[in-house]
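Understanding the architecture of this molecule
One-letter residues, chain by chain:
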Amino acid sequence: MSNKPRVGVVGCGQISKSYLRNIQRHGYLDIVAVSDLDHSRAKERAQEFNIPRVLETEQLTCDPEVEYVLNLTVPQAHLPVAMSALDAGKHVYNEKPLAVTREEASLLMDKARQKGLRLGVAPDTILGAGMQNCRRLLDEGKIGEPVGVEVVFNLRGYPDPNHFHWKRGAGVLMDIGPYYFTAMVALLGPIKRVSAFARYWPMKEVRERFPNWRELIEVPSHVAAIVEFDSGVVGNITLTTEYCGNYDVLLKIYGSDATMVCPDPNMFDGDLIITSFGEEKLRLKAEGPYAIEGRGVGLADMAYAQMVG
């Protein structure tokens, strides 16, 4: 595209490397500035990715050269950073979650509507080749009528309860869950009802090393839910850091004629498998430009939608 949309990035932690690398690889956007509470880290990212300016966050969100703010801060900062950018007339794309509560998310959506601005949120893995294969084969009726869905995510938990993962707005539900809920809604439609249980019980080594862990951990370590979709599909979901294991993933859609074993919704690639009565009928690999790491394509999609109206 000519006259590329100009982006300022707030938050230069580990995930920023993936965004900056892929945005530059795709070539749809122009990163014009970065900022971080740790100025040296922002400077390091700017040098690493040849970004022209390093600014304070307040400067970046108000800078006339910046059209889009990519907000990669920790969850608790999503609201103030995004609100500052919206107030300054910038479109905003947040890392997940949009905010740490529904009320805060509503404030951001209301502000974007009032200002006539775009507001987006990760994850954008649903735009990857792996999940798009799922969408296409469902549309083609390869499994018949979807009737059920099963999700399991098991991640060995973070050993330090001071890590942001254990704080409000993160955890296995808010930090990992969005990949799976985004995939389910994109593939099966809106969710009508949810019934869920959760508990706070981190790994044994956390409990032993930090006797005051109950004061430090603000989010559940295990969530189990039953969901009902508007379409009538019913599913069961388990998201946990308590089980023995490192990274166990399952997203399976049961149909009237066959079962679809989806690739990991946390990734852009992965094989899609169709089975029927235990026999593999089809295995489809993810191919194309979005079959590799592609974080940032959601922001590019939002910017393109703004350009074409």
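Note that the structure is a prediction, hence the values are computed from the model and not measured. (Residues numbered from 1 in each chain as written. Predicted model: local features only at pLDDT ≥ 70, side-chain atom pairs only at ≥ 80, totals over all residues. Heavy atoms only, no water.)

A few points about the packing of helix α4 (residues 78-87) against helix α5 (residues 102-115)
Convention followed: The angle between two axes is taken between their N-to-C directions and runs from 0 to 180 degrees, where each axis is a line fitted to C-alpha atoms and a helix contributes only its stretch in contact. Helix and strand definitions follow DSSP, with helices as H or I runs of at least four residues and strands as E runs of at least two, each counted in order from the N terminus. An angle below 35 degrees is treated as roughly parallel, one above 145 as roughly antiparallel, one from 65 to 115 as roughly perpendicular, and anything else as oblique. Working rule for contacts: check all heavy atoms of both residues, and any pair within 4.5 Å makes them a contact. Three categories are distinguished: nonpolar for Ala, Val, Leu, Ile, Met, Phe, Trp, Tyr, Cys and Pro, charged for Asp, Glu, Lys and Arg, and polar for the others, with Gly belonging to the last.
Running from N to C, α4 and α5 point in directions that differ by 10°, and their axes come no closer than 10 Å. With respect to each other, α4 and α5 are oriented roughly parallel. Contact residues: α4 offers L79, A82, M83, L86 and D87, while α5 offers E104, L107, L108, K111, A112 and K115. Across the contact of α4 with α5, the residue classes tally to 7 nonpolar, no polar and 4 charged.

Some points on the sheet that holds strand β3 (residues 53-54)
Sheet strands associate in pairs through backbone hydrogen bonding, adopting either a parallel or an antiparallel arrangement. Our working definition: Two strands qualify as a pair provided that DSSP identifies no fewer than 2 bridges between them.
Taken together, the 6 strands give an open sheet; going across it, the order is β3-β2-β1-β4-β5-β6, and neighbouring strands pair in parallel fashion. Looking at strand neighbours, the two that pair on one side only are β3 and β6 (119-121), the edges of this open sheet. As paired strands, strand β2 (residues 30-35) and β3 are joined by 2 bridges and run parallel to one another. Counterpart to A33 in the pairing with β3 is R53.

As for the sheet that holds strand β11 (residues 247-255)
Taking strand neighbours across the sheet as the criterion, the 8 strands line up as β8-β9-β10-β7-β11-β12-β13-β14 in an open arrangement whose pairing is mixed. In this open sheet, the two strands that pair with only one neighbour each are β8 (191-199) and β14 (279-284). Taking the axes of each pair of neighbouring strands and ignoring which way they run, one obtains an average angle of 15° across the sheet. Bridge analysis of strand β13 (residues 272-276) against β14 gives 5 bridges, and the strand direction is antiparallel. Counted as the bridge partner of L272 is L284 from β14.

As for helix α1 (residues 14-26)
Operational definition: Only protein chains enter the accessibility calculation, which uses a 1.4 Å probe; a residue is then buried when its area is under 20% of its type maximum, exposed when over 50%, and partly exposed in between.
Every buried residue of α1 is listed here: S16, S18, Y19, L20, N22, I23 and H26. Elements that come into contact with the buried residues of α1 comprise β1 (6-10), β2, α2 (39-49), β4 (68-71), β5 (91-94) and α10 (297-308).

Let's talk about the environment of M267
In this fold, M267 is placed in the loop between β12 (259-261) and β13. Once the C-alpha coordinates of M267 and I292 are considered, the two residues, 25 residues apart in sequence, prove to be 8.1 Å apart.

Some words on the nonpolar core
As a reminder of what qualifies: Nonpolar core, defined: a set of buried Ala, Val, Leu, Ile, Met, Phe, Trp, Tyr and Cys residues in which side-chain atoms within 4.5 Å join the residues together.
Counting 30 residues, the largest nonpolar core has V149, L187, L251, I253 and M260 as its most contacted members. Taken together, the elements giving at least two residues each to this core come down to α6 (129-139), β7 (146-155), α7 (171-188), β9 (222-229), β10 (234-240), β11 and β13. Here the element with the most residues in this core is α7; it accounts for 8 residues. Non-local contacts of V149, meaning those with residues more than four positions away in its chain, are made with M184, L188, F229, V233, V234, G235, N236, L251, K252, I253 and Y254. Ranked by size, the runner-up nonpolar core spans 22 residues in total, among them V9, V34, A46 and F49.

Considering the packing of aromatic side chains
By convention here, two paired aromatic rings are described through the distance between centres and the angle between planes. Going by this rule: When two rings of Phe, Tyr or Trp (its six-membered ring) have centres within 6.5 Å they constitute a pair, described as stacked for plane angles under 30 degrees, edge-to-face for angles over 60, and tilted for the intermediate range.
Using the criterion set out here, one finds 3 aromatic pairs in the structure. Seen from their ring centres, F153 and Y180 are 5.6 Å apart, and the 50° between their planes marks the pair as tilted. With F153 in strand β7 and Y180 in helix α7, this residue pair connects regions lying 27 residues apart in the sequence. Here the two residues F153 and Y180 agree in accessibility, since each one is buried. Through a chain of ring-to-ring contacts, the aromatic side chains of F153, Y180 and Y247 assemble into a single cluster.

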